[in-house]
Amino acid sequence: MLDYIIVGSGLSGIAVAEKLLSKDKKILVYDDNSQSSSTVAGGIYNPVILKRFTLAWNANEQLDTALSFYRSLERKLEISLIHPLPIYRRFHSIEEQNNWFSAMDKPYLSRFLDEKLVSTINPHIPSSFYFGHVRETGVVNTELLLEKYRAYLTEINSFQQETFDFDQFEVNEDHCIYKNRRAKMIIFCDGFGLKTNPYFNYLPLNGNKGEYLIIKAQDLKLEVAVKSSVFIIPLGEDLYKVGATYNNWDKTKEPTLEGKNYLLEKLNGFLNCDFEIVDQVAGIRPAAKDRKPLVGKHPKHGNMYCCNGFGSRGVLIGPTVASELINYIEDSVALSEEIDINRFAKLYQAASS
Ligand SMILES: Cc1cc2nc3c(=O)[nH]c(=O)nc-3n(C[C@H](O)[C@H](O)[C@H](O)COP(=O)(O)OP(=O)(O)OC[C@H]3O[C@@H](n4cnc5c(N)ncnc54)[C@H](O)[C@@H]3O)c2cc1C
């Protein structure tokens, strides 16, 4: 008998799996690569919303938890995951500069917003209105994390590369059965795959498609991330990620010409050196209607849970929220109401009536 089956090994599934393993639980994780949000993510951790200069939801608390989580994975997997990287917000007007200074008076933001504006960061990215520096930011290499964590799970016989087929799944009062495996509990960490999950598809998950261009710009030599109308993130070897797009209506996973043209138009608005496009990637961010995570117990089945709804901030949110879920299941610590899927109980009733 397994303790847990986990469906999905993106940022959510990994955080859930790791927390369970730390409690000596016997787990089996399924993944079929049907979603790519965690793989294509920029991997940025940044507590500040750079459009409005506000603190992202609980971000100051999540930051410390997330960094210590990824550090522990660096040691365990013997890889380098965290790359501190300053972010410079390119201002487009005096008003934006003023908003930056007003934001510094808000609770918690002074920790992250540098009061000294910078006039130049790179000759190929000019700005008439200077740049603001966000402190304590960086990038987690999510692609490497997923690859190495799945390899580790495989090594300990806890990973199945396959589609979780709901037709072969049975849920009973005190255990569930999938194919020939029995488990006490099951946790769905299926990202936008939740849409085809018959148990949790009543939840209001709006996929938000994001696309990045990968460009090569030999003259740029940029060593910080810049946020103008879009982000430009250095990857090394003269490669940069440019994006991302936000699209609420296209739910396909493939990169689009529309996405490419949009990103090119934005990039050409602030970058003045030659570059070539070497790749384009896309994924669907699993975002809840109210922009809060979707975490908790199924309304009918006491041994079935979900951990989803990380939106555009999975790197920061994942470790804290997964930990809350496991403390709730294993130690009966109450979930915070704002993440508990119980807030959508009425939707479940409506869907099942
Ligand atoms: C373009 C883009 C840029 C982003 N940039 C950032 C960023 O810079 N910083 C940040 O913090 N966040 C970023 N995000 C958001 C972040 O990627 C998400 O919040 C996070 O990846 C969600 O993780 P998840 O594990 O919930 O979902 P997913 O990564 O989608 O993982 C779900 C997993 O479940 C598997 N699965 C689903 N259904 C099944 C099934 N039936 N059987 C087997 N397996 C199944 C899928 O294959 C997948 O691996 C970005 C997202 C996009 C798209």
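Along each chain, residue indices are assigned from 1 in the same order as the chain's sequence is written. In keeping with the predicted nature of the model, local features appear solely for residues at pLDDT of at least 70, side-chain atom pairs appear and are counted solely at 80 or more, and the whole-chain, interface and lining totals rest on all residues. With hydrogens and water stripped out, all remaining heavy atoms of the structure feed into the side-chain values.

Per an unreviewed UniProt entry, the protein chain is named FAD-dependent oxidoreductase, and its organism is Gillisia hiemivivida.

Note on conventions: DSSP H or I runs of at least 4 residues are helices, E runs of at least 2 residues are strands, and numbering of each starts at the N terminus. Assigned secondary structure in the protein chain consists of 8 helices and 20 strands. The reference for a compact globule is 2.2 Å times residues^0.38; the radius of gyration itself is calculated from the C-alpha atoms. Relative to a compact globule of 353 residues, whose C-alpha radius of gyration would be 20 Å, the protein chain shows 21 Å and is just as compact. The principal-axis extent of the C-alpha atoms belonging to the protein chain is close to 65 × 40 × 40 Å. Per-residue accessibility, obtained with a 1.4 Å probe over protein chains only, is compared with the maximum for each type, and a residue is labelled buried under 20%, exposed over 50%, and partly exposed between these values. Expressed as a percentage of the 353 residues in the protein chain, the buried residues total 54%. Contacts are assigned to residue pairs with any non-hydrogen atoms lying within 4.5 Å of each other. Residue pairs in contact within the protein chain that sit at least 24 positions apart in sequence constitute 72% of those at least 6 positions apart.

Let's shift gears to the site of the ligand. One heavy atom within 4 Å of a molecule or strand makes the whole residue count as near it. Close to the ligand lie 36 residues, the nearest being Asp31, Ser38, Ile44, Phe164 and Gly311. Contacts described as polar in this section are N or O atom pairs within 3.5 Å, which, within protein, must combine one atom able to donate a hydrogen with one able to accept it, while residues neighboring in sequence count only if both atoms come from side chains. One of the backbone nitrogen or oxygen atoms of serine 12 is found 3.0 Å away from an oxygen atom of the ligand. Phenylalanine 164 is positioned such that a nitrogen or oxygen atom in its backbone is 2.8 Å from a nitrogen atom of the ligand. Note on areas: Shrake-Rupley with a 1.4 Å probe; residue coverage comes only from the protein chains shown. Surface burial for the ligand is 96%, taken as the share of its 1,000 Å² of free accessible area covered by protein chains. A per-element tally of the shell around the ligand places strand β18 (residues 276-288) first, with 3 residues. Broken down by class, the residue content of the shell around the ligand amounts to 12 nonpolar, 17 polar and 7 charged. Polarity classes work like this: nonpolar for Ala, Val, Leu, Ile, Met, Phe, Trp, Tyr, Cys and Pro, charged for Asp, Glu, Lys and Arg, and polar for all others, with Gly in that last group.

Helix α7 (residues 314-331) packs onto helix α3 (residues 59-77) with a crossing angle of 80° between their chain directions and a minimal axis gap of 8 Å. The orientation of α3 with respect to α7, classified from their angle, is roughly perpendicular. Mapping the contact onto sequence places Ala59, Gln62, Leu63, Thr65, Ala66, Phe69 and Tyr70 in α3 and Gly314, Val315, Leu316, Ile317, Pro319 and Thr320 in α7. Here, axes are lines fitted to C-alpha atoms. For helices the fit covers the stretch in contact, and angles between N-to-C directions go from 0 to 180 degrees. We call two directions roughly parallel when the angle between them is under 35 degrees, roughly antiparallel when it is over 145, roughly perpendicular when it lies between 65 and 115, and oblique otherwise.

We now examine the sheet that holds β18. Judged by pairing direction, the sheet is mixed, and its 7 strands sit side by side in the order β8-β7-β15-β16-β17-β14-β18 without closing on themselves. One side of each edge strand has no neighbouring strand; the edge strands of this open sheet are β8 (131-134) and β18. Looking at each pair of strands side by side, their axes are set apart by 25° on average, direction ignored. Helix α6 (residues 257-268) contacts β14 (205-216), β16 (231-236), β17 (239-243) and β18 of the sheet and is inclined by roughly 60° relative to β14. Strands were regarded as paired on the criterion that DSSP finds at least two bridges between them.

All right, on to helix α5 (residues 142-155) then. The terminal C-alpha atoms of α5 lie 20 Å apart, and with 14 residues this matches the ideal 20 Å at 1.5 Å per residue to within 8%. The set of residues buried in α5 consists of Thr142, Leu145, Leu146, Tyr149, Arg150, Tyr152 and Leu153. Taken around the axis of α5, the buried residues stretch over an arc of 160°, which confines them to a single face. For α5, the exposed residues set more than 90 degrees away from the buried face come down to Glu143 and Glu155. One side-chain oxygen of the residue at the start of α5 lies 3.4 Å from the amide nitrogen of glutamate 143, identifying that residue as asparagine 141. Downstream of α5 by a residue or two, asparagine 157 has a phi angle that is positive, lying close to 55°. The length a helix should cover is 1.5 Å for every residue beyond the first. To be clear, the arc concerns the directions from the helix axis to the C-beta atoms.

Our next topic: unusual backbone geometry. The omega angle of the peptide bond from glycine 243 to alanine 244 is 0°, so this bond is cis rather than trans. Relative to the helices and strands, alanine 244 is located in the loop between β17 and α6. The phi dihedral of tyrosine 130 is positive, around 70°, even though this residue is not glycine. Take tyrosine 130: it is sitting in the loop between α4 (94-103) and β8. Backbone geometry at lysine 179 places phi at a positive 50°, although glycine is not the residue there. Summarising the element assignment, lysine 179 is placed in the loop between β12 (176-178) and β13 (181-188). The exposure class of lysine 179 is partly exposed, given its relative accessible area of 40%.

Turning to the packing of aromatic side chains, a few remarks are in order. Pairing of aromatic rings covers Phe, Tyr and Trp, the last through its six-membered ring, and needs centres within 6.5 Å; plane angles under 30 degrees mean stacked, over 60 mean edge-to-face, and all others mean tilted. Inspection of every chain in the model, using the stated rule, returns 18 aromatic pairs. Ring geometry for phenylalanine 188 and phenylalanine 200: centres 6.0 Å apart, planes at 65°, overall edge-to-face. Highlighted residues: phenylalanine 188 in strand β13 and phenylalanine 200 in the loop between β13 and β14, separated in sequence by 12 residues. For phenylalanine 188, a relative accessible area of 0% gives the class buried. An angle of 85° between the planes, with centres 6.3 Å apart, marks the rings of tyrosine 305 and tyrosine 328 as edge-to-face. Pair noted here: tyrosine 305 is in strand β20 (residues 304-308) and tyrosine 328 is in helix α7, with a separation of 23 residues, a long-range link. What links up through ring pairs into an aromatic cluster is the set Tyr30, Phe164, Phe166, Phe169, Tyr178, Phe188, Tyr199 and Phe200. As a reminder, the over-ring test applies to NZ of lysine and CZ of arginine, requiring each to be within 6 Å of the ring centre and within 35 degrees of the ring normal. Directly above the aromatic system of tyrosine 246 lies the positively charged group of arginine 285, at a separation of 3.9 Å from the ring centroid.

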